[in-house]
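# Survey of secondary and tertiary structure
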Amino acid sequence: MKLKLHQDAINKHTDIVNCVGWTSNNELYSFSDDRKVLRWSGDGEPLGTLMTFDPPPSKNLPAGETPAPVYITANHWFPSAPGKGQSSSDVYAVGGTDGKFYICSKGGRIEKAAEAHKGALLSLKWNYEGTALVTAGEDGQIKIWSRSGMLRSTLAQTGYPVYCVVWSPNNDQVLLTNGRNLIIKPLQPSNKPTQWKAHDGLILKVDWNLVNNTILSASEDRKYKVWDTYGRQLFSSAPHDHPITSIAWNPSGEMFAVGSFNLLRVCDKQGWSYAMEKPDSGSIYDIAWTPDGTQIACAGGSGAIVFGHLVNKRYDWKNYEVTLLDDHKILVHDVTQGSKENLEFRDRVIKACLGFGHLVVATSSQCYVYSDRNWNTPVIVDLSNNGRVTCIQQCAEFFVLVDNLVGIQIFTYEARLVSQPKYPGVRPEFMTAQNISISSDILAIKDHTDEKAIYIFDVSSGRQLGDGPLKHTQDILEVALNLPTSPAGRQLVVLDKNRDLFITRVLKPQLKKLGSMVETFAWNDETDMLFAIMDAKFAVWYYPNAVFVDEDIAPLTRLERDASSLGKNAQCLSFVGTHCTLRRADGAIVTMSNISPLPGMLQEFARRKQWEEAIRLCRHVKMKEMWACLAVMSLFGQDLNTAEVAYAAIEEVHKVQYVTYIRDIPTPEGRAAELALMRHQPREAESILLSANLIYRAIRMWINLFNWDRALDLALKYKTHVDTVLYFRDKYLKTLGRSETNKRFIQYAQGVPVEWEKIKAKIAAEEEKSGATAKPVR
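What comes next is a walk through the structure. Being a predicted model, the structure only gives us computed values, none of them experimental.

### A word on the sheet that holds strand S43 (residues 453-458)
Within the open sheet, the four strands sit side by side as S41-S42-S43-S44. Their pairing is antiparallel. Because the sheet does not close on itself, it has two edges, and the strands there are strand S41 (436-438) and strand S44 (470-471). With three bridges connecting them, S41 and strand S42 (residues 442-446) associate as antiparallel partners. Looking across to S42, one finds that Ile438 is bridged to Leu443.

As structure tokens, then:
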């Protein structure tokens, strides 16, 4: 990725430019110490002077005294309301050196002026909903104002001038500078603030991203840093030659821009640098991203306005390499054939996604869908007016388009709208590739309001599945669905804030833990293999469904290798075929191509129920992981002969004995119940037995599991074998040398006669009736 800069040869401003701001329809306003407000087009062309800022003098000014000129120190455009797209904001707020803030119309007329601070007002920000304005000044005060400019509260008083203040993503806290410290101050007085020393010099700028919930800080100590909301440092830059005077997140949360004296950087969210340019601008005092995140504008100390475009962004999939050459042109390179295709677009490219044989490109007005079989004739989808695409995700049959006006839309690659899933409180602007995942039949979305909840939708109808969202015990960072259609069904992997990795079946939710200290993970796009970096190791689960079938041998189905060479915070970019592409914390891309294709072949044999071929494959490769996978696959497919061979190969003798015992049970319901028990699912086993009218077997199962209360409940419900439960309970207690203390058993022991000969006769009759030749439950 590169940064392409545009700057006028002759500056239109004659003094320092303090701040810049984009309107929602990509016009730029610049505010300078020459007191002029200039308008610029999105291409960097000047559109003229909007006004010369000259507010009326204060009424408290003594008679005959000349009012001091007022200079604009900060500005912020009123945000678009959630779900309203990018309809043009009509007003913006500016702060002045007179301590006032002014709410101005788009045409430059001052609608409201309010006395806010003693000394200059240094920073102001609307919250993301546009319901409140926060201001900070040289007097060290933080104040909250209503939309109409009425004072609500004085939130804080510090001993230093507050140079910058921003809102938290949920609008319930503000982040402010306090000399060398950063303070997170909740709006609720009962909640304690969080404060930490962040730099060795005065902190000049901060920013807090609403998507990734991460904080940036820039200081006179010539460093910029990345923080989490607990004040833990995630990254610190090396010292630069000059103080860092500005910093700003890209709206997507994937990158940020840093400004210093004649220096502009674009950095990844982990801190490493994508691109660096040296414009002739003086110190860059403010940086503003366009709402779609494709362009930046910088306010220079020399009076320069610097425009920057992100170009040469690359997307890779198999043998294709797609490069965004500029705002309107994409190059497609087939590296195996050596062919190249140039794709041109009428409007600026905002988002692109490459995978599954298709390239999906979203511009400001249309979405283009290209097939790798024909790059010349794309299918085109017209987007809503004033909408902006914030995320694109693909699977083999569909792609999902997230628009900040329309919301979530699922299309086929022929551009046919399939469905538009909706749920209460959906916020499209918060959606990223980490919290939305699509497969051929299921869409999973992490809720922004409740970060422990995941909404599950049917792709074809857009209908929500289940009685409500899937709930986890911790806040969720990332979700991902397995992509191929397999006998194991659709599975969802969840990474939570403790960096623990869980897996669950979508239709029968039950979260099972796969690993801890997980940095990144990815499903394979062709098979049910899962890759992760955890605890300085890379791990590949050859068959993640094993945790639901036989949890005891599930660790044997995982391959682990040392990954200390990758360092910390590596990110998985893709897992295609046998190649896994990773990006290290320093930005270097590493491809791991030593992942075996054999588990994928084994999964295909299991899907086709070609068990003999699967056994021959495992005997040929002689890998313990393969035998463990085959054991679990055959058990899941209820092929007990193959399971016996596979368990014997990994020397699980007791499981071989249990499998042969299950195989000898004559009834299919009995075998299914025992297999459910082997998966540690006694409730499922009970349901199978009761549906087959095998009441005694269900009761005896609970007796053998020492769940006496459930055994008694079934006996009472079906009015049979109450004496059997009482007899085995009494025998169990006598063996332990203990007396009965359960009031229910004491009650029924007094009213129900227990005679062993009658019980034995009933058991024999039950076994003869069910055709059992072995002990009913082991």
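That was the structure; now back to the text.
### Details of the sheet that holds strand S34 (residues 358-363)
Sheet architecture is open: four strands sit in the order S33-S34-S35-S36, paired in antiparallel fashion. Each edge of the sheet is formed by a strand with only one pairing partner; in this case those strands are strand S33 (349-355) and strand S36 (374-382). Here the strands of the sheet are splayed against their neighbours by 20° on average, with no regard to which way each runs. Bridge analysis of S34 against strand S35 (residues 366-371) gives five bridges, and the strand direction is antiparallel. If you follow Ala362 over to S35, its bridge partner there is Cys367.

### Details of the packing of helix H2 (residues 598-607) against helix H3 (residues 611-621)
The N-to-C vectors of H2 and H3 enclose an angle of 160°; their axes lie 8 Å apart at closest approach. Our classification of the angle between H2 and H3 gives roughly antiparallel. Considering only the axes of H2 and H3, their crossing is left-handed. Residues Leu598, Met601, Leu602, Phe605 and Ala606 of H2 lie in contact with H3, whose contacting residues are Trp611, Glu613, Ala614, Leu617, Cys618 and Val621. Considered class by class, the residues forming the contact of H2 with H3 number 10 nonpolar, no polar and one charged.

### A look at H2
Residues that lie three or four places apart on an α-helix share one face, since the helix turns once every 3.6 residues. The buried fraction of H2 amounts to seven of the 10 residues, a majority that puts the element mostly inside the structure. Taken residue by residue, H2 has Leu598, Pro599, Gly600, Leu602, Gln603, Phe605 and Ala606 as its buried positions. The secondary structure elements touched by the buried residues of H2 are H3 and helix H4 (624-636). At the C-terminal side of H2, Lys609 shows a positive phi close to 60°.

### As for the packing of aromatic side chains
Under the defined criterion, the tally for this structure stands at 32 aromatic pairs. Judged by centre distance (5.7 Å) and plane angle (55°), the rings of Trp196 and Trp227 are tilted. Taken together, the residues Trp196 in strand S17 (residues 194-197) and Trp227 in strand S20 (residues 224-227) connect sequence positions 31 residues apart. Accessibility classification places Trp196 together with Trp227 in one group, the buried group. Here a set of aromatic residues connected by ring pairs shows up, and it is made of Tyr320, Phe345, Tyr368, Tyr370 and Trp375.

### What to know about helix H9 (residues 695-704)
Burial analysis of H9 places nine of its 10 residues in the buried class, the great majority of the element. For H9, the set of buried residues is Ile695, Tyr696, Arg697, Ala698, Ile699, Arg700, Met701, Trp702 and Ile703. Trailing H9 by a residue or two, Phe706 shows a phi angle of about 60°, which is positive.

### Section: the pairing of strand S7 (residues 91-96)
Counting buried residues along S7, six of its six residues qualify, which places the element largely inside the surrounding structure. Here S7 shows no split at all, with Val91, Ala93 and Gly95 on one side and Tyr92, Val94 and Gly96 on the other all buried. The pairing of strand S6 (residues 72-77) with S7 spans five bridges and is antiparallel. Bridge assignment links Ala74 to a residue of S7, and that residue is Gly95. Summarising the sheet, S7 and strand S8 (residues 100-105) pair through five bridges and their orientation is antiparallel. Its bridge partner lying in S8, Ala93 is registered against Ile103. Between S7 and S8, which pair antiparallel one after the other, the connecting turn spans three residues, and Gly99 there sits at a positive phi close to 85°.

What counts, and at which threshold
- Residues numbered from 1 in each chain as written.
- Predicted model: local features only at pLDDT ≥ 70, side-chain atom pairs only at ≥ 80, totals over all residues.
- Heavy atoms only, no water.
- Pairing = 2+ DSSP bridges.
- Helix = DSSP H or I, 4+ residues; strand = E, 2+ residues; numbered from the N terminus.
- Axes fitted to C-alpha atoms, helices over the stretch in contact; angles between N-to-C directions.
- Parallel < 35°, antiparallel > 145°, perpendicular 65-115°, else oblique.
- Left-handed = near helix turned anticlockwise from the far one by under 90°.
- Contact = heavy atoms within 4.5 Å.
- Nonpolar A, V, L, I, M, F, W, Y, C, P; charged D, E, K, R; others polar.
- Buried < 20%, exposed > 50% of the residue type's maximum accessible area, 1.4 Å probe, protein only.
- Phe/Tyr/Trp six-rings, centres within 6.5 Å; stacked < 30°, edge-to-face > 60°.

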